[in-house]
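# Analysis of the macromolecular model
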Amino acid sequence: MPQEVCNVAFDVSKPPRPELGDFSTNVAMVLAKVARRAPQAVAEAITRHLARHPLVERVEVVAPGFINFHLSPGWLQSAVAECLERGEAYGRSTLGAGKRVQVEFVSANPVGPLHIGNARGGPYGDVLSNLLEATGYEVTREYYINNGPENTQLQTFGASLQARYLQLLGEDVPLPEGGYQGEYVIELAQEIVDREGDRHRDVPRDQEGARTFFWLVADRMVEMLRKDCESLGIHFDVWFSEQSLADSGAVDRAVALLKERDAAYEADGAVWLRATQFGDEEDRVLVRSSGAPTYIASDAAYAVNKFLERGFDHVIYVWGPDHAGYVPRLKAAVAALGVEPERAEVIIYQTVRFLRGGEPVRLSKRQGSIIPISEIIEEVGLDATRFFFLMRSVDAHLDFDLDLARRRTEENPVYYVQYAHARIRSIEREVAARGFEVTQAPRLDLLTDPVEREVMRFLVEYPELVSDAARERAPHRLTHFAVDLARTFHQFYDRCRVLAPEEPELSAARLALVQATGQVLRNLLGLLGVTAPEQM
RNA sequence: GCGCCCGUAGCUCAGUUGGAUAGAGCAACGGACUUCGGAUCCGUGGGUCGGGGGUUCGAGUCCCUCCGGGCGCGCCA
């Protein structure tokens, strides 16, 4: 929580150890420089002038100059009450003030199923969207279908499909150089044979022909990707076709607009974007001398669509690491259109490394050694798959150990968290079974055990976690918080008997704490798109 | 060669934007229920935060430099 006083930045944070209080500030140490006095003396002076607040039990100055606040138990107790009162809404906020944000993610080329190499952006983009919605933004989840006329991967894929098709018709045709070897290409070719027989036998085996073949299965490819995304628990609001930008003339209009703004010029028979004027290293070709637009021209047209036509306040692109070098170009294109470049935010996630038998598996779609995400989901379950993808910061590489993932019995953090929730449900069932009396207004002041206090701390912090994770674009903070909360709850369960007939008031108070914890776990798992099981 | 990301316990990773004694999970070893779920809990060992220099009250965090790994650098996407 950074603050500012006398032009000096200081912050308020949680001390590393409970005995140091509930909140701490370094303001005295920061001000010491300006005041030219010892930090400790400044801290003492500030402390003397602090107004008393009913929730602050006591204030301490600790070397080298921290001011630590110990809050009264009432503060923590109110969080339990608030959590129970707000239920599913606990943790949600209106910070986003209804601003419209578009999150474009996955957007894998429509040339095959979603696989472990390009799937990481899925859970990430989805949970980021959840976080933005939870903090009051209006979010559109969008998939950009890279089916544009110049996509060379489509050419290769189409040519591979054509070759498989002809092979099925009995012709001795080799796969093209670097062609797609995956089984699914043969299956797709078979579908064409089944549906339309040999009527495409004489399609010329050139670029045009490859494209023709791609379009025979284009809808099928999108359907395949949509199904894979749905099986990952991801639903897109919009599936946007790159080809539609070319068909509608939007690409030409975008190039014209850039020229009009003097952000593009002609040279060597091509049209260039003045990218260097907007922070890129060199100018970029928008339209080749052949007259064919490049990918950046489509992206400019798409940006016009996003910012100028649909009017999103903010747009987030979630890209794989191979696109890192493309960021300045996109930002330049956006700026060249007259849109504030900070409204276009690009998040690059790092690679996923596959381990089998402790050895990295090389992933190459072309060699057909892809591992479809559907296979992983089938083997380790949707919950574990999503949780696993979300445990690491997007900046960090992610290791996916196949052998570990295949073993259903293997300990997985997601089970640890889910078990905490199942345990809570079990306690609640026990309450019903025993006819335990539930008090309307539990005496929360009876929750004085340090571990009870710890659990309450988590409940208090949860709303701030959500807003922090949203602001930092850091879904992994949710998984870490979930594990930490689960651990603290298990400790509480171990040390504090919830249902103690001889102490009905304490039992009622602990039950309230249990219920509030269950609520936070459900809200947390809900944001992650992971189920909160009633029992396991 | 240039750009981006990474380097923290045996392994995989956090580290709240510069704070207090650097934390988890797995792995290893040793313990704990007559009652709410043992998929749990408690304890032990394990670190020159890749190396060096700098900035300051204070650096895993910021700057410089070197080393090591990943990715990218086309009128491809």
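So, a few notes on the structure that sits alongside this text. The structure displayed is predicted, hence computed values, not measured ones.

### Points about empty space enclosed by the protein
Applying the stated criterion across every chain yields a total of one cavity of 30 Å³ or more. In this structure, the largest cavity encloses a volume near 70 Å³. Along the walls of the largest cavity sit Arg120, Tyr124, Phe389, Leu390, Arg392, Ser393, Val394, Pro475 and His476, which together make up its complete lining. Among the residues forming the lining of the largest cavity, the class breakdown is five nonpolar, two polar and two charged.

### As for the protein's contact with RNA strand B
Near RNA strand B, the surroundings consist of 59 residues, among which Ser24, Arg288, Tyr416, Arg423 and Ser426 are the closest. The separation between a base nitrogen of RNA strand B and a polar side-chain atom of Ser24 is 2.4 Å. Contact between RNA strand B and His476: a phosphate oxygen at 3.3 Å from a side-chain N or O atom of the residue. Those elements that place two or more of their residues in the surface near RNA strand B are helix H1 (27-35), strand S5 (66-71), strand S10 (270-273), helix H15 (413-434) and helix H17 (476-495). With nine residues, the top contributor of residues to the surface near RNA strand B is H15. Tallied by class, residues from the surface near RNA strand B come to 23 nonpolar, 20 polar and 16 charged.

### A closer look at the side chain of Gln102
Among the structural elements, Gln102 can be located in strand S6 (residues 100-104). For Gln102, a relative accessible area of 0% puts it in the buried group. Separated by 3.1 Å, the side chains of Gln102 and Lys306 make a polar contact. Residues contacting Gln102, with those up to four places away along its chain left out, are Thr140, Glu142, Tyr302, Lys306, Arg310, Phe312, His314, Val315 and Ile316.

### Quick notes on the packing of aromatic side chains
For the structure on display, the rule yields 19 aromatic pairs. Taken together, a centroid distance of 5.7 Å and an interplanar angle of 55° make the contact between Trp319 and Tyr326 tilted. When sorted by exposure, Trp319 lands in the same class as Tyr326, which is buried. Three or more aromatic residues joined by ring pairs make a cluster, and in this case those are Tyr90, Phe458, Tyr462 and Phe481. Across the ring face of Trp239, the terminal group of Arg226 is positioned such that the distance to the ring centre comes to 5.0 Å. The lysine or arginine in question, Lys306, covers the ring of Tyr302, its NZ or CZ lying 4.2 Å from the ring centre.

### Regarding the sheet that holds S6
The strand order S8-S7-S6-S12-S13 describes an open sheet built from five strands, whose pairing is parallel. Every other strand in the sheet has two partners, leaving strand S8 (238-241) and strand S13 (344-348) as the edge strands with one partner each. Sheet twist, expressed as the mean angle between neighbouring strand axes with direction ignored, is 25°. As defined by bridge partners, S6 adjoins strand S12 (residues 314-319) across four bridges and the pair is classed as parallel. Counterpart to Glu104 in the pairing with S12 is Tyr317.

The rules behind each value
Residues numbered from 1 in each chain as written. Chains lettered and ligands numbered in written order. Predicted model: local features only at pLDDT ≥ 70, side-chain atom pairs only at ≥ 80, totals over all residues. Heavy atoms only, no water. 1 Å grid on protein atoms, 1.4 Å probe; cavity = no way out; pocket = protein on both sides within 12 Å on 5 of 7 lines; lining within 4 Å. Points joined across faces, edges and corners; volume = space filled by probe spheres on them. Nonpolar A, V, L, I, M, F, W, Y, C, P; charged D, E, K, R; others polar. Near = heavy atom within 4 Å. Polar contact = N/O pair within 3.5 Å; in protein donor to acceptor, adjacent residues only side chain to side chain. Helix = DSSP H or I, 4+ residues; strand = E, 2+ residues; numbered from the N terminus. Buried < 20%, exposed > 50% of the residue type's maximum accessible area, 1.4 Å probe, protein only. Contact = heavy atoms within 4.5 Å. Phe/Tyr/Trp six-rings, centres within 6.5 Å; stacked < 30°, edge-to-face > 60°. Lys NZ or Arg CZ within 6 Å of the ring centre and 35° of its normal. Pairing = 2+ DSSP bridges. Axes fitted to C-alpha atoms, helices over the stretch in contact; angles between N-to-C directions.

Everything listed is a geometric property; what it means functionally is a separate question.
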